[in-house]
Amino acid sequence: MSGNESRLQAIHQITNCSATAVAQPEPLSEIWASDVFNLATMEQCLSKSAFKAIKKTVQTGAPLDAATAEVVAAAMKEWAMGKGAKFFSHIFYPMTNVSAEKHDGFIVTNSDGNAITEFSGSLLIKGEPDGSSFPNGSIRMTNAARGYTAWDPTSPAYIMQTENGATLTIPSVFMSWTGEALDKKIPLLRSNAAMNKAAQKVLSLMGETEIAPLNSSCGAEQEYFLVDANFAAARPDLLLAGRTLFGAPSAKGQQFDDHYFGAIPQRVQVFMQDLEEQLYKLGIPAKTHHNEVAPGQFEIAPYFEAANVAADHQQLLMTVLKNSAKKHGFLCLLHEKPFAGINGSGKHVNWSVGNATQGNLLDPGDTPHDNLNFLLFCGAVIRGVHLFGPLLRAAIATASNDHRLGANEAPPAIMSVYLGDQLEKLFKDIKDGKLTVTEAGGEMNLGLSQILNFKRDPGDRNRTSPFAFTGNRFEFRAVGSGQSVSGPLVVMNTMLADSLAWIAEKLEAELVTASCKADAVISVLKQLITEHGNAVFGGDGYSSDWHTMAVEERGLKNIPTTADALPALREESVKKLFATTGVLSPVELESRFEVYSEQYILAIELEAKLVVEMAKSMIYPAAVTYLSELAAAGASMAELNIKLDHGVAETVAAETNAMMAAVTKLSAALETHDFDSTEAHMQYMAKDIRALMDEVRLHADALEAEVADELWQLPKYREMLFIK
């Protein structure tokens, strides 16, 4: 199929398509976690002693003995085979924001040549994928390839159902033969342990006697775009880079504000219902779905879970999203900015900390001035963001997220904390050495008898803050839609652990001389907010005034690109943070810098090569063909003594020549490989290569507005964004 035929055929097929038929949804009570080997299932399958042991491990992190692992493995195999599984897989999470799997069959043969099934405790506990073929930051070389996966019993195994059959999937950690973490799960588990240790010390000093293990929790709001698969097939940039490298703005975009929370298109509604039924079977508590701001953009948000399980579920959610979209004739785009000129997609990570005895430590209650535990934990977050803002920025730094951060749909690349009016005033008073009574939000009364009055929140929301308090948790809004949530969670847990350890040291000293516990707390928090209160900001994070104030007056850093952000991983303060908390060794931290830098460089390089290829093979031929047709039409008209205005032809010719000149410069720039450092290479890609890509696009998008529609090969924004 050549020229414009594929685009025209896509339009025809979409115009005549209908929603994919799906089975009648089953009751939630019958399908919830039906494909999950969770505690409820294990209680039915295991002996009382084995269940008691595994339950203790899941709930408290207690060690699990090998004998119990054998019992669990046998029960897990029987359960999985009863659901049609013939294979099992350790699923793990390399440093690439994707999931990885190695599938093995239950089948073995005996000496008689007959097939039997086997799944021992040793097979459950350990797997052995190649440790050098995944990005590892020079920890493993090709001649030193051994790596291990190890079962994480605190995250439940599940059955992954696909058209190719059912597979028992076992969440696992991934490490090198020499013991370094090669994945995102090990640091997350370590960070939670470090936070728990520091939090226990603070709570003990506050007089708490019964303190259950503390865990961080996570609820991530996943935004995404859907594009009809017929259009996506005609867009090499969408298929390979996840975003449109070319595309003139549609006359209608999001300016009418008619898509956000609007009626969900029928095809999408059917897709969402099918998606959520699959998620419920996998024990993923999808709670909310709706249209997002941009046309073709949507959101799904699960309920809060323990951070480790939530991170695993987020990876699984992205997989199921893509697979389900394909089934319904869509391509699901998780890129942060797949379309220029309209809102991009984030993954707002709602994060809190708590346990079974003290509850949510970031819940202020109705009287936050009396909730000393909350004030200490909230203060610890403020200190962490102030000290490690650049590290937080590095945790969400990718080539794709750079397109979104700092634009007027996402928080700027300056890390600050929004507390709301009530809490901001409370901490200002603490800075002055006093603890005053705070006012509640009052009652919402519209003066309409038929509308029930309700309690208003004590503070407003701030959509421009990258790190905002939202009632009983903090929302890290700058996380990218295609990212694993593990990286941000690791940083948040670790900076909290560091701040709680600092608070414990100061509090212990103050309690010796203070007249009461409240005075000791105020004294510690006064020092904390005096030193770190510059991170608190309740205004418009998009404004130029804030950018100036943040950098020049408050000493905060504005970090616009990944090339600027990733060097934070090499700062001495960051090395010390991870080393003292035991979350990442210097070798493991350096490996992450190398992997993330390489991924950044490769992502931009791929896009640049696609820009060159598409400009030469798709856009240039369309422009030249149109010029040829204009020339032929002009000659024909001249024979009839009709003079045509040559303005269009001159514009097309000028833009075509300018585009190809920019393509030549971009091609030459891609040949540059001599860099003094990785940092210099990243800066070159961020500034030089991306600037040349933008130059090519400027002229190509101008051509889209001039060249005859029937000759343009690439599906246009107006066609892709408005789902039929």
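Residues numbered from 1 in each chain as written. Predicted model: local features only at pLDDT ≥ 70, side-chain atom pairs only at ≥ 80, totals over all residues. Heavy atoms only, no water.

## A few points about the overall build of the protein
As a reminder of what qualifies: Helix and strand definitions here come from DSSP, where helices need a minimum of 4 consecutive H or I residues and strands a minimum of 2 consecutive E residues; each element is numbered from the N-terminal end. In this treatment the radius of gyration is a C-alpha quantity, and the globule benchmark scales as 2.2 Å times the residue count to the 0.38 power. Relative accessible area decides the class of each residue, using a 1.4 Å probe on protein chains only: under 20% of the type maximum gives buried, over 50% gives exposed, and in between gives partly exposed. Contact criterion: two residues are considered in contact whenever any of their non-hydrogen atoms come within 4.5 Å of each other. The protein chains shown are the only cover counted for residues, whose accessible areas, like all others here, come from Shrake-Rupley with a 1.4 Å probe. Asp and Glu are treated as the negative residues and Lys and Arg as the positive ones, with His and the ends of the chain left uncounted. For this purpose, a charge sits on NZ of Lys, CZ of Arg, CG of Asp or CD of Glu.
Across its full length, the protein carries 22 helices and 21 strands. A compact globule built from 724 residues would reach a C-alpha radius of gyration of about 27 Å, and the protein, at 28 Å, matches this within 12%. Along the three orthogonal principal directions, the C-alpha set of the protein runs to about 100 × 80 × 70 Å. When the 724 residues of the protein are sorted by exposure, 53% land in the buried category. Considering only intrachain contacts with a sequence separation of at least 6, the fraction spanning at least 24 residues in the protein is 75%. Accessible area of the protein: about 31300 Å², with a carbon and sulfur share of 52%. Positive and negative side-chain charges of the protein, numbering 60 and 86 respectively, have mean locations separated by a distance of 4 Å.

## So, the nonpolar core
The condition that has to hold: Within this scheme, the nonpolar core is defined by two criteria: the residues are buried Ala, Val, Leu, Ile, Met, Phe, Trp, Tyr or Cys, and they are joined through side-chain atoms within 4.5 Å.
With 126 residues, the main nonpolar core has Phe246, Phe467, Phe474, Phe476, Leu666 and Ile689 as its most contacted residues. The element contributing the most residues to this core is helix α19 (residues 586-639), with 16 residues. Residues contacting leucine 666, with those up to four places away along its chain left out, are Ala608, Val611, Val612, Ile689, Leu692, Met693 and Val696. Counting 31 residues, the second largest nonpolar core, distinct from the first, contains Val36, Leu279, Tyr280 and Leu316.

## As for the confidence of the model for the protein
Here is the rule: Note on scores: pLDDT gives the predictor's confidence for each residue, bounded by 0 and 100.
Residue-level pLDDT values for the protein average 90, and 91% of them are 70 or greater. Confidence, read as mean pLDDT per element, is least for strand β5 (residues 115-117) in the protein (57) and greatest for helix α18 (residues 572-581) (98).

## Here's the deal with helix α7 (residues 185-205)
Put simply, the rule is: To estimate how far a helix should reach, multiply one less than its number of residues by 1.5 Å.
Compared with an ideal rise of 1.5 Å per residue, which puts 21 residues at 30 Å, α7 spans 31 Å between its outermost C-alpha atoms and is within 8% of the ideal. Trailing α7 by a residue or two, glycine 207 shows a phi angle of about 95 degrees, which is positive.

## Topic: the pairing of strand β7 (residues 147-151)
Threshold: For two strands to pair, DSSP has to find at least two bridges joining them.
In terms of residue burial, β7 counts as a mostly covered element, since five of its five residues are buried. Burial along β7 is two-sided: the face carrying Gly147, Thr149 and Trp151 and the face carrying Tyr148 and Ala150 are both buried. Where strand β6 (residues 126-127) meets β7, two bridges bridge the pair, whose relative direction is antiparallel. Among the inter-strand pairings, lysine 126 is bridged to a residue of β7, identified as alanine 150. One ladder, built from five bridges, connects β7 with strand β9 (residues 165-176); its direction is antiparallel. The residue bridging tyrosine 148 from the neighbouring strand is methionine 175, located in β9.

## Brief notes about the packing of helix α14 (residues 486-513) against helix α15 (residues 517-532)
To be explicit about the condition: Axis angles are defined between N-to-C directions and span 0 to 180 degrees, where every axis is a line fitted to C-alpha atoms and, for a helix, only to the segment in contact. Roughly parallel means an angle under 35 degrees; roughly antiparallel, over 145; roughly perpendicular, 65 to 115; everything else is oblique. Definitions for this section: a left-handed crossing has its near helix turned counterclockwise from the far helix by less than a right angle. A right-handed crossing has that turn clockwise.
The N-to-C vectors of α14 and α15 enclose an angle of 135 degrees; their axes lie 9 Å apart at closest approach. In terms of orientation, α14 lies oblique with respect to α15. In this structure, α14 meets α15 at a crossing whose hand is right-handed. Residues Trp502, Ile503, Lys506, Leu507, Glu510 and Leu511 of α14 form the contact with α15, whose participating residues are Lys517, Ala520, Val521, Ser523, Val524, Gln527, Leu528 and Glu531.

## Focus: helix α21 (residues 678-704)
Our working definition: By definition, a residue's bend is the angle between the axes fitted to the seven residues ending there and the seven starting there.
Counted at 1.5 Å a residue, the expected span for α21 with its 27 residues is 39 Å, and the 37 Å between its end C-alpha atoms agrees. Taking the largest bend as the criterion, α21 deviates by roughly 30 degrees, centred on methionine 685.

## A look at the state of the cysteines
To keep things clear, this is the line we draw: Throughout, a disulfide means two cysteine sulfur atoms within 2.5 Å of one another.
Using the criterion set out here, one finds zero disulfides in the structure. Lacking any disulfide linkage, cysteine 378 is separated from the closest cysteine sulfur, that of cysteine 218, by 19 Å.

## Digging into unusual backbone geometry
If you check the backbone angles, alanine 33 has positive phi at about 55 degrees while not being a glycine. Its identity as a non-glycine residue notwithstanding, asparagine 97 has a phi of 70 degrees, on the positive side. Here asparagine 97 is to be found in the loop between β2 (85-92) and β3 (100-105).

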